Amino acid sequence: MTIRRIVPNIHAGSEEAIATSRDFYGRLGFEEVMDMGWVMTMASPANPTAQISFFTEERTGPVVPDLSVEVEDVDAVYARVAESGAEIVRELRDEEWGVRRFFVRDPGGRVVNVLSHGPAADHA
């Protein structure tokens, strides 16, 4: 199983808070790589997998996840996690912006967004 990146997710609460965070993290060297209005992601130009995301809300899930884990094969990870009896917070599904994902609760109560991008996200 291949993990491609891990991204901390910050519940910013408002677009103004996202703008403030963009300015602050920009001073640390991050650059904006995605902005969908309700979620904005920044990355290191030198290491694009070093990222942080800011949310005003979660548009398609029940909660803003605490972190996101991009994996090579989300379907295989979903099957393994579901078989283990872990709490699935949101079922596996495709999103209109090109990811396939599900949410699961870790043993400490944190919600993890597990996802794949690209061709792996094309599975039905």
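The shown structure was predicted, so the numbers you read here are calculated from the model rather than taken from an experiment.

Colleague: Just checking my understanding: could you explain the overall build of the chain for this structure?
Modeller: A count of helical and extended segments in the chain gives 2 helices and 8 strands. Counting from the amino terminus, helix and strand elements in the chain follow one another as β-α-β-β-β-β-α-β-β-β. With the C-alpha coordinates aligned to their principal axes, the bounding extent of the chain is approximately 45 × 25 × 25 Å. Residues classed as buried in the chain amount to 38% of the 124 residues present. In the chain, the share of contacts with a sequence separation of at least 24, taken over all contacts with a separation of at least 6, comes to 49%. If you sum the accessible surface of the chain, you get close to 6800 Å²; carbon and sulfur atoms cover 51% of it. Averaging the locations of the 12 positively and 21 negatively charged side chains of the chain gives two centres separated by 2 Å.

Colleague: Got a minute to help me understand the UniProt feature "domain: VOC" (unreviewed entry) in the chain in this structure?
Modeller: Mapped onto this numbering, the UniProt entry annotates "domain: VOC" (unreviewed entry) at residues 1-117. What you have in residues 1-117 is 21% helix and 43% strand, and the ends, taken at the C-alpha atoms, are 15 Å apart.

Colleague: In this structure, what is going on with the nonpolar core? I would like to understand it.
Modeller: In summary, soluble globular proteins display a tendency toward joint burial of nonpolar side chains. The biggest cluster of nonpolar side chains holds 11 residues, and these are Val 69, Val 71, Val 74, Val 77, Tyr 78, Val 81, Leu 92, Phe 102, Val 104, Val 112 and Val 114. Within the residue set of this core, elements represented by two or more residues are strand E5 (67-71), helix H2 (74-84), strand E7 (99-105) and strand E8 (111-117). Residues in contact with Val 81, not counting those within four places in the same chain, are Ala 86, Ile 88, Phe 102 and Val 104. Formed by 5 residues, the second largest nonpolar core is a distinct cluster that contains Ile 18, Met 42, Ile 52 and Phe 54.

Conventions used here
Residues numbered from 1 in each chain as written. Predicted model: local features only at pLDDT ≥ 70, side-chain atom pairs only at ≥ 80, totals over all residues. Heavy atoms only, no water. Helix = DSSP H or I, 4+ residues; strand = E, 2+ residues; numbered from the N terminus. Buried < 20%, exposed > 50% of the residue type's maximum accessible area, 1.4 Å probe, protein only. Contact = heavy atoms within 4.5 Å. Areas by Shrake-Rupley, 256 points an atom, 1.4 Å probe, with all protein chains shown as cover. Lys, Arg positive; Asp, Glu negative; His and termini not counted. Charge placed at Lys NZ, Arg CZ, Asp CG, Glu CD. UniProt positions renumbered as here; feature names shortened; annotations may be inferred. Core = buried A, V, L, I, M, F, W, Y, C linked by side-chain atoms within 4.5 Å.

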